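Listed below, chain by chain, are the residues.
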Amino acid sequence: QVQLVESGGGLVQPGGSLRLSCAASRTIGSFIAVGWYRQAPGKERELVATITGGGSTAYADSVKARFTISRDNARNAVILQMNSLKPEDTAVYYCNARRWEVTYGGYKDYWGQGTQVTVSS
């Protein structure tokens, strides 16, 4: 079983920065991809950023040039650096990791418990 633990959320003023961390109970390189999603009240969960096992990254248009996703292999973690935060970035942020599970017979998705990010003055 894989466990993902997010941390780093909190309250920040518009224009500020936060650094989210997703710590995995397995080697981060064992995942085909790790991503950050967010869900604001009354809205569907949306993809924010992903990083593949090969290091390729992708971002939602709304966060490009402001957010950066990266891997910390030494800590088995994936980091989301969020700069120039806006009120519309307010949401619960979830970490997702996908990897092949032999016993499952396919790719399986794992989710963290989420961390609240609030951008407000």
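Just so it is clear, the model here is predicted, and its values are computed rather than measured.

Examining the packing of aromatic side chains
What describes a pair of aromatic rings is the distance from one ring centre to the other and the angle between the planes of the rings.
So, point 1. Summed over all chains, the structure comprises 2 aromatic pairs.
So, point 2. Both rings, one in W100 and one in Y107, keep their centres 5.1 Å apart while their planes meet at 85 degrees; by these two values the pair is edge-to-face.
So, point 3. Taking the relative accessible area as the measure of exposure, W100 reaches 48% and is therefore partly exposed.
So, point 4. Judged by relative accessible area, Y107 falls into the partly exposed class, the value being 45%.
So, point 5. Over the ring of Y94 we find R45; its NZ or CZ atom is 3.8 Å from the centre of that ring.
So, point 6. Here R45 stacks its cationic end above the ring of W111, 4.7 Å away from the centre of that ring.

Concerning the sheet that holds strand β1 (residues 4-7)
So, point 1. Taken in spatial order, the 4 strands of this open sheet run β1-β3-β8-β7, and their pairing is antiparallel. In the strand order of this sheet, the two ends are held by β1 and β7 (67-72), each with one partner. Pairwise comparison of adjacent strand axes, ignoring direction, gives a mean angle of 15 degrees for this sheet.
So, point 2. Where β1 and strand β3 (residues 18-24) come together, 4 bridges link them in antiparallel fashion. If you follow V5 over to β3, its bridge partner there is A23.

Examining a nonpolar patch on the surface
So, point 1. A grouping of I32, W100, V102 and Y107 is seen on the molecular surface, where their side chains present a nonpolar patch of about 450 Å² in accessible area.
So, point 2. Structurally, Y107 is set in strand β10 (residues 106-111).

Remarks on the environment of Q13
So, point 1. Here Q13 shows up in the loop between β2 (10-12) and β3.
So, point 2. In this structure, Q13 is in contact with V119 and S120, ignoring residues within four places of it in sequence.

Cut-offs applied
- Residues numbered from 1 in each chain as written.
- Predicted model: local features only at pLDDT ≥ 70, side-chain atom pairs only at ≥ 80, totals over all residues.
- Heavy atoms only, no water.
- Phe/Tyr/Trp six-rings, centres within 6.5 Å; stacked < 30°, edge-to-face > 60°.
- Buried < 20%, exposed > 50% of the residue type's maximum accessible area, 1.4 Å probe, protein only.
- Lys NZ or Arg CZ within 6 Å of the ring centre and 35° of its normal.
- Pairing = 2+ DSSP bridges.
- Helix = DSSP H or I, 4+ residues; strand = E, 2+ residues; numbered from the N terminus.
- Axes fitted to C-alpha atoms, helices over the stretch in contact; angles between N-to-C directions.
- Patch = residues over 30% accessible without salt bridge, like charges linked within 9 Å, V, L, I, M, F, W, Y side chains within 5 Å.
- Areas by Shrake-Rupley, 256 points an atom, 1.4 Å probe, with all protein chains shown as cover.
- Salt bridge = Lys/Arg side-chain N within 4 Å of Asp/Glu carboxyl O.
- Contact = heavy atoms within 4.5 Å.

The values reported here are purely geometric and, on their own, carry no functional implication.
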